[in-house]
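Single-letter residue listing:
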Amino acid sequence: MSNAPGIPTTIPLGDKPYATPYYSLGSEICQNLYVENAQSENSKAQYYLLKTPGLKRFGAIPTVNYGACRCNITTTAGRTFLVFGNRLVEILPDGSQSLIGSLNAQSVTGPVSACENGNLLFLVDGYNGYILRYTDNNLTAISDPYFPGVAAGTITPTCCTYLDTYFIVNVPGTNQYYWSTSYYMSQLNNTGLPYPIAPIDPATQPDGYWTPLQSGAKIGKSDNISWLINCNNYLWLFGEDNSCEVHYDTDNYNGQLFARYQGAIINVGCKAKNSVATYQNNIFFLGTDIAGTLGVFSNDGMSPLRISTRGIEQLIETMGTWSDCQAFTYAQSGHAFYVMHFPTANRTLVYDAVTNAWHERTSLIQSTGLLARWRGMYASSSFDKIIMGDPNSSAVYALDPTYFQNDNPMDAGINYIRCVKTTPINFASGVNVIYNWVQVICNQGSGSTVDNVDGVGTDPHLQLAWSDDTGLTWSNERSAPIGRQGQYANRTRVLGCGMGRNRVFRIAMTDPVHFILVALMFNGNPCRF
């Protein structure tokens, strides 16, 4: 065995977590840390990892818990509405909640789909369609007999969108969709009733708002429509059986108003209907291709673009149940995130459309130390904040990059954010290495008192563990200080880290402070036996 001093070696942390599905190539974990590209030529690395923002309570603790957040929308007029349980609530600028009205008493779980036209908010929940009139906050269930499901008393639409002055809904269990009367046309519709110049008020003028002739169908492949959405002013129709097609407004008011865009039949479908979300001109969804292969997709124009890695796909496949995925998008700090909640699997996966990198988000249950899926549920941009709901309560949060913990849903307590990152495997040509010391490169000297009672965060530490079987089992954690506030020369180092080959290191940090993770460095000697 050599007694010569080892040469310090730096292990970059990688900018594409969850790229591989195989443990033999190194176990990958990236929780509550997202990749940021370095913008300065003086940076220590080409990229680094930032701690995810905290969920800071917005407004007072709710006095009544109506239930989980099921919808979150900010209108063009800047009003923000959330659905909790079966209650529609408006969030005011000071964070207070104003109860607007109630949905069907049976409608208490599952996502609610919403869209708006500047004058009216339109919602569907699978039980009813609803219209909220902004001028007087009148919330009314749609009773028009031609609205899908009303006359027959069957299930009503589960998704809606707005395109070119028309509200559009699906007809569950079919390949059909319906659109409403236009608000601004002055021609005659097919029932002989005039389109008024002013917006139709469905609460007082239901006749002529929906007609059976204002309908279209997904016919390129006639599987049932699982979801529909407006992306870049085109109507995307997602099928249940590995297909999707795009329709457009033909301006043919006396004929078939919406028609299929030629060539826009995509051999990727979406059985996880609530996974569909858009950001700007891009659409995101969890689906299967024509061969039945699972993947997360975006779009390149009107062509599918697979954005999931094999590691992410294998992770989703092993969940058992993934069709209950509920997803949404938001943008913050120069990044655009696609957030995927898996309620049954109790996990949250997040894709960053700017860096094309994945990470996980978790919630730390303080009383047990166990991890659960992230609590940020649906997002909208309002009051110069990212407003989010909660999957279990009527709590409302502002997603704050300067807040390094998560507030509890319905009381004054907090939960810390546990950040975890594993390194790429140190193969060392299959030779055993004696690790004299291991040092984590991060933002040393970042301590600051967050909890004045216990002093948590004053002297932050991270925990280091390692595995010599590519992440199947781990050593005990060793603690190392990041440094009190201003201790920028602190060395976050652990001495005497044993001997091994095929080593993976795991870095964890729970203290409620700003955290930037750059790289891991070690000093080691090759072993002769």
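This text follows the structure it describes.
Residues numbered from 1 in each chain as written. Predicted model: local features only at pLDDT ≥ 70, side-chain atom pairs only at ≥ 80, totals over all residues. Heavy atoms only, no water.

*Asks:* Whenever I open this one, the pattern of salt bridges confuses me. Can you help?
*Replies:* It is possible for side chains bearing opposite charge to pair when their charged atoms get close. Using the criterion set out here, one finds 14 salt bridges in the structure. Among the salt bridges present, the one from R79 reaches E90, with a minimum N-O distance of 2.7 Å. In this pair, R79 sits in the loop between β6 (69-74) and β7 (80-84) while E90 sits in strand β8 (residues 87-91), placing the two residues eleven residues apart along the sequence. An identical accessibility class is assigned to R79 and E90; each is buried. As a salt-bridge pair, R506 and E477 come within 3.4 Å of each other at their nearest N and O atoms. Taken together, the residues R506 in strand β44 (residues 504-509) and E477 in the loop between β40 (461-467) and β41 (478-481) connect sequence positions 29 residues apart. Looking at E477, the relative accessible area reads 34%, which means it is partly exposed. Residues participating in the shared-partner salt-bridge network are D289, R306, R310, E313 and E317. (Salt bridge = Lys/Arg side-chain N within 4 Å of Asp/Glu carboxyl O. Helix = DSSP H or I, 4+ residues; strand = E, 2+ residues; numbered from the N terminus. Buried < 20%, exposed > 50% of the residue type's maximum accessible area, 1.4 Å probe, protein only.)

*Asks:* Teacher, can you tell me more about the sheet that holds strand β15 (residues 166-170) here?
*Replies:* Across the sheet, which stays open at both edges, the four strands sit in the order β14-β15-β16-β17 with antiparallel pairing between neighbours. The outermost strands of the open sheet, each flanked by one partner alone, are β14 (160-163) and β17 (215-217). Taking each pair of neighbouring strands and ignoring which way they run, the sheet shows an average axis angle of 25 degrees. Pairing of β15 with strand β16 (residues 176-179) involves three bridges; the strand directions are antiparallel. Looking across to β16, one finds that N170 is bridged to Y177. (Pairing = 2+ DSSP bridges. Axes fitted to C-alpha atoms, helices over the stretch in contact; angles between N-to-C directions.)

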